[in-house]
Amino acid sequence: PFIDLRPAREEEYSLVYLMYPELRNIQAERHPPEYWNRLLDKVAADVSQWNDDAWKDYTKLTLAARSAQRYLEAKRGLIEAGRSPEEVAAMPVAQVVLLYTLQVYDEARDEVSKWLELPYWEAAPGFGKFQAVALAAREKEIVPLFSVLASSTGALALAAARNERSFALLRTVEALRLYAAGHDGQPPKALADIVAVPVPSDPVTGKSFIYRTEEDKVVLEAPLLPGMEQRAFGARYEIKFVR
């Protein structure tokens, strides 16, 4: 792609571990309860400063309430992930909360980011489920890391695909011109008639662009996606060939 968003997205998803190196080896570390309390308070306090209206009032009292509500669920989540009940029972509450929060974050991050490896038209169904993944994570997480950091994956992927669509449309226009140059100024009846050069598919849909002839011109269109504005996401070329 002309602009590959994956490295930026991967770095953003790693932001938690870049900001808090203490979390990188948290799975195997042992510390007194005071350490875990300080670390949890620090992470939660910073989250309340990040730009997300839903969590702007996330206070120490909110953290305490959510920790109490989700503690048993957090313990079950850690045990289901492979820890022994005895190990989890011996952990301070703040450690359980942190481990479970990171577990929810990593699982939701992987569920969404795996689609970034695919062309947009293949990944679109997965991005369509993003809201469900985000809501599920929001219900589970005690400190809202995923809710705050991962809100725009699908939109960014569409922006990149739209950029690639512009290039593909221009390549198709040039292919039409090349065909006409070799056929006495006449455009092809169908895009499939062009064999001298590859004619790209629409990176957004994975299908051929819409193409038809109309009297003295041809029309090349990129279809509008449901719920999108024509000005931002659709495209239409009307081309006249002059000998």
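Residues numbered from 1 in each chain as written. Predicted model: local features only at pLDDT ≥ 70, side-chain atom pairs only at ≥ 80, totals over all residues. Heavy atoms only, no water.

J.: What is the right way to look at the overall build of the chain in this model?
T.: When helices and strands are tallied, the chain shows eleven helices and three strands. Ordered by position in the sequence, the α and β elements of the chain form the string α-α-α-α-α-α-α-α-α-α-β-β-α-β. In summary, the chain has a C-alpha radius of gyration of 26 Å against a globular reference of 18 Å for 243 residues, an excess of more than 25%. Taking the principal axes of its C-alpha atoms as reference, the chain extends roughly 85 × 30 × 25 Å. (Helix = DSSP H or I, 4+ residues; strand = E, 2+ residues; numbered from the N terminus. Rg over C-alpha atoms; globule rule 2.2 N^0.38 Å.)

J.: Looking at this model, I keep getting lost on the side chain of Arg165. Mind explaining?
T.: Its place among the elements puts Arg165 in helix H10 (residues 153-181). A distance of 3.2 Å separates the side chain of Arg165 from the backbone oxygen of Pro223, its partner in a polar contact. (Polar contact = N/O pair within 3.5 Å; in protein donor to acceptor, adjacent residues only side chain to side chain.)

J.: I'm lost on the packing of helix H6 (residues 93-113) against helix H8 (residues 130-140) in this one. Help?
T.: Packed helix pairs are characterised by how far apart their axes lie and by the angle those axes make with each other. Between H6 and H8, the least distance of the axes is 10 Å, while the angle of their chain directions is 180°. In terms of orientation, H6 and H8 fall into the roughly antiparallel class. Each of Tyr100, Val104, Ala108, Glu111 and Val112 in H6 lies in contact with H8, whose residues at this interface are Phe130, Val133, Ala137 and Lys140. For the contact of H6 with H8, a count of residues per class yields seven nonpolar, no polar and two charged. (Axes fitted to C-alpha atoms, helices over the stretch in contact; angles between N-to-C directions. Parallel < 35°, antiparallel > 145°, perpendicular 65-115°, else oblique. Contact = heavy atoms within 4.5 Å. Nonpolar A, V, L, I, M, F, W, Y, C, P; charged D, E, K, R; others polar.)

J.: Any chance you could explain the environment of Pro32 here in plain terms?
T.: With respect to the helices, strands and loops of the structure, Pro32 is situated in the loop between helix H2 (15-19) and helix H3 (33-47). Placed 63 residues apart in sequence, Pro32 and Gln95 show a C-alpha to C-alpha distance of 9.6 Å.

J.: Hey, could you run me through unusual backbone geometry in this one?
T.: Leave glycine aside and you will find that most residues have negative phi; peptide bonds, for their part, are mostly trans. Notably, Asp184 is not glycine yet its phi reads approximately 55°, a positive angle. With respect to the helices, strands and loops of the structure, Asp184 is situated in the loop between H10 and strand S1 (210-214). Taking relative accessible area as the criterion, Asp184 reaches 57% and is therefore assigned exposed. Unusually for a residue other than glycine, Glu215 sits at a positive phi of about 50°. (Buried < 20%, exposed > 50% of the residue type's maximum accessible area, 1.4 Å probe, protein only.)

J.: Before we go on, may I ask you to explain the packing of aromatic side chains in this structure?
T.: How two aromatic rings sit relative to each other is given by the distance of their centres and the angle of their planes. Per the stated rule, a full pass over the model turns up three aromatic pairs. Seen from their ring centres, Tyr35 and Trp36 are 5.3 Å apart, and the 85° between their planes marks the pair as edge-to-face. Neither Tyr35 nor Trp36 differs from the other in exposure class; each is buried. (Phe/Tyr/Trp six-rings, centres within 6.5 Å; stacked < 30°, edge-to-face > 60°.)

J.: In this structure, what is going on with the nonpolar core? I would like to understand it.
T.: Here is a general trend for soluble globular proteins: nonpolar side chains tend to be buried in one another's company. Within the largest apolar cluster, 39 residues are counted, with the highest numbers of intra-cluster contacts made by Leu23, Val143, Leu145 and Phe146. When residues of this core are traced back to their parent elements, those giving at least two are H2, H3, helix H4 (60-80), H6, H8 and helix H9 (145-149). No other element matches the eleven residues that H6 contributes to this core. Of all hydrophobic cores here, the second largest spans 15 residues; its members include Val173, Leu191, Val218 and Leu220. (Core = buried A, V, L, I, M, F, W, Y, C linked by side-chain atoms within 4.5 Å.)

J.: What is the right way to read H3 from this model?
T.: Since one α-helical turn is 3.6 residues long, residues separated by three or four positions face the same way. Over its 15 residues, H3 runs 21 Å from end to end, which matches the ideal 21 Å to within 8%, given 1.5 Å per residue. For H3, the set of buried residues is Tyr35, Trp36, Leu39, Leu40, Val43, Ala44 and Val47. Buried residues of H3 fall within an arc of 150° about the axis and therefore sit on the same side. (Expected span 1.5 Å × (residues − 1). Arc of directions from axis to C-beta.)

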